[in-house]
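Remarks on the overall topology
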Amino acid sequence: MPQTLVLNATYEPLGVVTDRRALILVLNQRATMVEESNTILHYAGGQVTLPAVIRLTKFVRIPYRHAVPLSRRAIFARDGGRCAYCTAAATSIDHVIPRSRGGGHNWENVVSACTKCNHQKADRTLKEIGWRLRSLPREPVGAAWRILGTGRTHESWLTYLKPYGIEALGIAAASA
Ligand SMILES: [Zn+2]
């Protein structure tokens, strides 16, 4: 089912709805279309392009911010789908301090990595092999990160997610 990204009046990403639901919000003037999808809905009287991104006309306050779940997809999104050590396309998750050496499975100790680096590093620490991280891994903050847990995403969403630190949408940056 095609989905639509919903932005707050401030352009902050809030969540995802079905494209039909998004169209109804637009028709009821509760939202405006920001980006069109490539899905055209045909009906008796004609046709309409369904939205890929909509923006609410009224600001909605978010009362509570949840912690961002640590997932493979979210780690790739934070790290731009690139290896934290050499910037090649990432294919795996690496624990900076290896788990076998007491490293935790948390935002501060996980990065996306390419197969080569992950293999070379094995269960050694960065100090032992003289490697350095391009940036310090941190836990991401904000409602935009919930979008990653909603399944299907659209390439055009990235423009609106990037200001919140989401650098990539796909999991498999498979090309070598
Ligand atoms: Zn690498």
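1. Observations concerning the coordination of the zinc ion
- Protein-derived ligands of the zinc ion are C83 (SG), C86 (SG), C114 (SG) and C117 (SG), with the metal-ligand distances lying across 2.3 to 2.4 Å.
- Here the zinc ion is ringed by 4 donor atoms whose angles at the metal span 102 to 114 degrees, and the overall shape comes out tetrahedral.
- One chain supplies every donor for the zinc ion, spaced along it as C-x2-C-x27-C-x2-C. As far as the burial class goes, C114 and C117 line up, both buried.

2. A short note on the confidence of the model for the chain
- When pLDDT is averaged along the chain, the result is 89, and 94% of the positions lie at 70 or above.
- Contacts from residues 172-176, a stretch scored under 50 in pLDDT, to residues over four places away or in other chains number 4 contacts.

3. A few points about the sheet that holds strand β3 (residues 31-43)
- In space, the 4 strands of this open sheet follow the order β2-β1-β4-β3, with mixed pairing throughout. Of all the strands in the sheet, just β2 (13-18) and β3 have a single pairing partner and so form its edges. Strand-to-strand twist across the sheet, computed as the mean angle between neighbouring axes with direction ignored, equals 30 degrees.
- Note that β3 and strand β4 (residues 46-56) share 9 bridges and pair antiparallel. Looking at the pairing, E36 lines up with P51 of β4.
- Helix-sheet contacts for helix α1 (residues 19-27) involve β1 (3-7), β2, β3 and β4, and the interaxial angle to β4 is about 85 degrees.

4. A closer look at the side chain of D79
- By the element assignment, D79 lies in the loop between α2 (72-78) and β5 (92-95).
- Leaving out residues up to four positions away in the same chain, D79 has contacts with V110, V111, S112 and R134.

5. Some words on the domain arrangement of the chain
- Domain boundaries in the chain define domain 1 (3-60 + 142-164) and domain 2 (72-129).
- Here the C-alpha centre of domain 2 lies 33 Å away from the C-alpha centre of domain 1.
- With 4 residues of domain 1 at the interface, the matching set in domain 2 holds 4 residues.
- On the domain 1 side of the interface with domain 2, the three residues burying the most area are W145, L148 and G151, jointly 91% of the side's total.
- At the boundary of domain 1 and domain 2, one finds 0 salt bridges.
- Applying the counting rule to domain 1 against domain 2 returns 1 residue pair in polar contact (both at pLDDT 80 or more).

6. Comments concerning the pattern of salt bridges
- Applying the stated rule across the entire model yields 3 salt bridges.
- Salt-bridge contacts for D79 lead to R78; the nearest nitrogen and oxygen are separated by 2.9 Å. Of the two residues, D79 and R78, both sit in the buried class.
- Salt-bridge contacts for K121 lead to D94; the nearest nitrogen and oxygen are separated by 2.9 Å.

Reading guide: rules and limits
- Residues numbered from 1 in each chain as written.
- Predicted model: local features only at pLDDT ≥ 70, side-chain atom pairs only at ≥ 80, totals over all residues.
- Heavy atoms only, no water.
- Donors = N, O, S within 2.8 Å, 3.2 Å for Na, K, Ca; no water.
- Tetrahedral: all angles 85-135°; square planar, octahedral: opposite > 155°, others 65-115°.
- Buried < 20%, exposed > 50% of the residue type's maximum accessible area, 1.4 Å probe, protein only.
- pLDDT = per-residue confidence, 0-100.
- Contact = heavy atoms within 4.5 Å.
- Pairing = 2+ DSSP bridges.
- Helix = DSSP H or I, 4+ residues; strand = E, 2+ residues; numbered from the N terminus.
- Axes fitted to C-alpha atoms, helices over the stretch in contact; angles between N-to-C directions.
- Domains from an automatic or database assignment.
- Buried area = accessible area lost by both parts, 1.4 Å probe.
- Salt bridge = Lys/Arg side-chain N within 4 Å of Asp/Glu carboxyl O.
- Polar contact = N/O pair within 3.5 Å; in protein donor to acceptor, adjacent residues only side chain to side chain.

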